[in-house]
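Single-letter residue listing:
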Amino acid sequence: MSAPPRVRVREVRLRERDVRLRMPFRFGVVTLTEAIEAYASVRVELEDGGAAWGMAAEMLAPKWFDKDPARSDAENVEDLRHALRLARALYTDGGARTPFGLFAERYPLQLAEGKRRGLNPLLAGYGPALLDRAVLDAVCRARGISFYDAVRANVPGIDPASLLPEFAGFDVDRFLAGLRPSSEIHARHTVGLVDPITAADLRERVDDGLPETLEEVVAAYGHRYFKLKVGGDVAADLARLSAIAGVLDRSPEPYFVTLDGNEQYQTVDDVVALWEAMTRAPALRRLVDAVLFIEQPITRHRALGSPIEALASRRPVIIDESDGDLAAFVEARAVGYRGVSSKTCKGLYKSIINAARCARWNAEAGHPAYFMSAEDLTTQAGVAVQQDLALVSLLGLTHVERNGHHYVAGMAARPAAEQRAFLAAHPDLYRTADGVARVRIVGGRLAIGSLACPGFATAAEPDWSSLREMRE
């Protein structure tokens, strides 16, 4: 195996575009009707010759990275921009490093500088999360190889032991070489806290030809996996889950569910009370049996402070918002959590490191006790959704939360040339309807074979002229 390439980041350009939701999406304490998507493009020079541009994209989502009620949504978004600017300064200031070496050296500095400026680790990590993907995309393009092949051959130079002593003696090259991406993956449909369940819940229709109620979503896409948001009020959550079960139970086929608390419960006892109420409700018997795991139900300030066995003994529990830094999953495991989410907004290398932890811990346990899940941040069609799909598929995950295609009308707001480019480059993943490129879901699955292309999972580019420069 040849030595990983050493690279220098010569230029970072930050851009953004507005995203209008076709219907409101409520998660936790926020209801989104519009948002902004950030784009990073990075010019990389390889020490052994060659240069290329790489790219990454992600939503600037308020009230997820930082849920401090004293900060407005606009301040949350500006904090995320600030995290990108900090990363730009750090990544363009230094000598040649491997792609992972660049992350390993700069990530601790990013978190320290973020802390000095009032950014929590999850928020500060947003900057490296985009730049690391863009750097790897550039390296893959310069080498003419796919993301899958690059990671499996450890082209990025991934060396977790250089950051985390727990990996001393771990054969990371063997772990990476054993990863096997799939050509398809189940889309796990999100049911937000204000989403209509049946036609009776609709006050007025969007009427844009796309499904609006849960009934219509199931009929249109054929989902078998669902992510259900709960809001912290047992009685209200029980009533809503019963309405959802009334739709899902109509299917003669098995279905599978995850519950997402989005930090809305204060203690483990509060969540146990919800679970016990669910098990007592006859209308929820089938839905309870279908629950695979529970995601971050407890506010991050308390989530890792005490054991959660009272809940974990009923269903596995994972962290999401509590996954602030590279030590978080280890801390969570110590109090009873069995899983952690993969999200590209939290970092490509963090996901790979946590997947390696699961492999190591499961080998020690002698059975699959620990796992990763694949979650969404309303990732948009194009660069963002494709890089996320490629990452979770490579990690061996068989279903992924997907919600951007439901809350946003595909690429309707983008230039026609950009839509045509993605349709032509990835005809398995997209379809056209009413002249608009949209994500294609058939039988509840996404076909992603075309992501095995040179670069990080995308053979097309945004119309850069349609994006605005991120303000300084």
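Before reading on, note that the structure itself is shown above.
A few points on the structure. (Residues numbered from 1 in each chain as written. Predicted model: local features only at pLDDT ≥ 70, side-chain atom pairs only at ≥ 80, totals over all residues. Heavy atoms only, no water.)

## Structural notes on the overall build of the protein chain
Each helix and strand counted, the protein chain has 17 helices and 15 strands in total. Since a compact globule built from 472 residues should have a radius of gyration of about 23 Å, the 21 Å found for the protein chain is in line with a globular shape. Every one of the 472 residues in the protein chain was classed for burial, and the buried ones make up 59%. In the protein chain, the share of contacts with a sequence separation of at least 24, taken over all contacts with a separation of at least 6, comes to 75%. Within the structure as shown, the protein chain displays about 17400 Å² of accessible surface, and the carbon and sulfur contribution to it stands at 51%. Distance between charge centres in the protein chain, computed from 58 positive and 63 negative side chains, equals 1 Å. (Helix = DSSP H or I, 4+ residues; strand = E, 2+ residues; numbered from the N terminus. Rg over C-alpha atoms; globule rule 2.2 N^0.38 Å. Buried < 20%, exposed > 50% of the residue type's maximum accessible area, 1.4 Å probe, protein only. Contact = heavy atoms within 4.5 Å. Areas by Shrake-Rupley, 256 points an atom, 1.4 Å probe, with all protein chains shown as cover. Lys, Arg positive; Asp, Glu negative; His and termini not counted. Charge placed at Lys NZ, Arg CZ, Asp CG, Glu CD.)

## What to know about the pairing of strand S3 (residues 51–59)
Within S3, 7 of the 9 residues are buried, leaving the element largely enclosed by the surrounding structure. As judged from the 9 bridges shared by strand S2 (residues 30–46) and S3, these two strands associate in the antiparallel manner. Counted as the bridge partner of Glu37 is Met59 from S3. Here S2 folds back onto S3, and the loop between the two strands holds 4 residues, one of which, Gly49, carries a positive phi near 110 degrees. (Pairing = 2+ DSSP bridges.)

## What about the pattern of salt bridges?
Counted according to the given criterion, the structure contains 50 salt bridges. Between Lys227 and Glu295 there is a salt bridge whose closest N-O contact spans 2.8 Å. Linking Lys227 in strand S5 (residues 225–229) with Glu295 in strand S7 (residues 291–295), this pair joins segments that are 68 residues apart in sequence. Comparing Lys227 with Glu295 shows no difference in burial state: the two are buried. (Salt bridge = Lys/Arg side-chain N within 4 Å of Asp/Glu carboxyl O.)

## So, the sheet that holds S3
Reading across from one edge, S3-S2-S1-S15 is the order of the 4 strands in this open sheet, with antiparallel pairing throughout. Edge strands, defined here as strands with exactly one partner in the open sheet, are S3 and strand S15 (468–469). Packed onto the sheet, helix H4 (residues 126–143) meets strand S1 (7–27), S2 and S3 and runs at close to 145 degrees relative to S3. (Axes fitted to C-alpha atoms, helices over the stretch in contact; angles between N-to-C directions.)

## Points about helix H2 (residues 99–116)
In this model, H2 (18 residues) spans 26 Å end to end at C-alpha, consistent with the 26 Å of a helix rising 1.5 Å per residue. Considering bend angle alone, the principal kink of H2 is centred on Arg106 and spans about 30 degrees; proline Pro108 follows within four residues of it. Listed in full, the buried residues belonging to H2 are Pro99, Phe100, Gly101, Leu102, Phe103, Ala104, Arg106, Tyr107, Gln110, Leu111 and Gly114. (Expected span 1.5 Å × (residues − 1). Bend = angle between axes of the 7 residues up to and from the residue.)

## So, unusual backbone geometry
Phi is positive for Asn154, which is not a glycine, with a value near 55 degrees. Relative to the helices and strands, Asn154 is located in the loop between helix H5 (147–152) and helix H6 (172–177). Asn154 gets classed as buried once you look at its relative accessible area, which sits at 7%.

## Some remarks on the side chain of Arg106
Considering the arrangement of structural elements, one finds Arg106 in helix H2. Overall, the relative accessible area of 10% leaves Arg106 in the buried class. Of the polar contacts made by the side chain of Arg106, one reaches the side chain of Glu105; its length is 2.6 Å. Beyond its immediate stretch of four places on either side in the chain, Arg106 contacts Leu90, Tyr91, Asp93 and Gly94. (Polar contact = N/O pair within 3.5 Å; in protein donor to acceptor, adjacent residues only side chain to side chain.)

## Remarks on the environment of Asp79
Along the chain, Asp79 turns up in helix H1 (residues 73–91). Between the alpha carbons of Asp79 and Cys453 there is a distance of 34 Å; along the sequence they are 374 residues apart. Here Arg71 takes part through its side chain, which lies 2.9 Å from a polar atom of the side chain of Asp79.

## Comments concerning the packing of aromatic side chains
In this description, a pair of aromatic rings is defined by centroid distance and the angle of the planes. Enumeration over the complete set of coordinates arrives at 19 aromatic pairs. Consider the rings of Tyr39 and Trp464, whose centres lie 6.1 Å apart with planes at 85 degrees: the pair is edge-to-face. With Tyr39 in strand S2 and Trp464 in the loop between strand S14 (445–447) and S15, this residue pair connects regions lying 425 residues apart in the sequence. Judged by relative accessible area, Tyr39 falls into the buried class, the value being 2%. Joined through ring pairs, the aromatic side chains of Phe100, Phe103, Tyr107 and Tyr349 make up one cluster. Taking NZ or CZ as reference, Arg333 lies 4.2 Å from the ring centre of Trp361, over its face. Geometry around Phe167 places Arg360 over its ring, the cationic atom sitting 5.0 Å from the centre. (Phe/Tyr/Trp six-rings, centres within 6.5 Å; stacked < 30°, edge-to-face > 60°. Lys NZ or Arg CZ within 6 Å of the ring centre and 35° of its normal.)

## Topic: the environment of Val234
Checked against the element boundaries, Val234 lands in helix H8 (residues 234–248). Along the backbone, Val234 and Asp249 are 15 residues apart, and their C-alpha atoms lie at a distance of 21 Å.

## Some thoughts on the environment of Glu78
Relative to the elements of secondary structure, Glu78 occurs in helix H1. Those residues in contact with Glu78 that sit more than four places away from it in its chain are Arg85 and Arg471.

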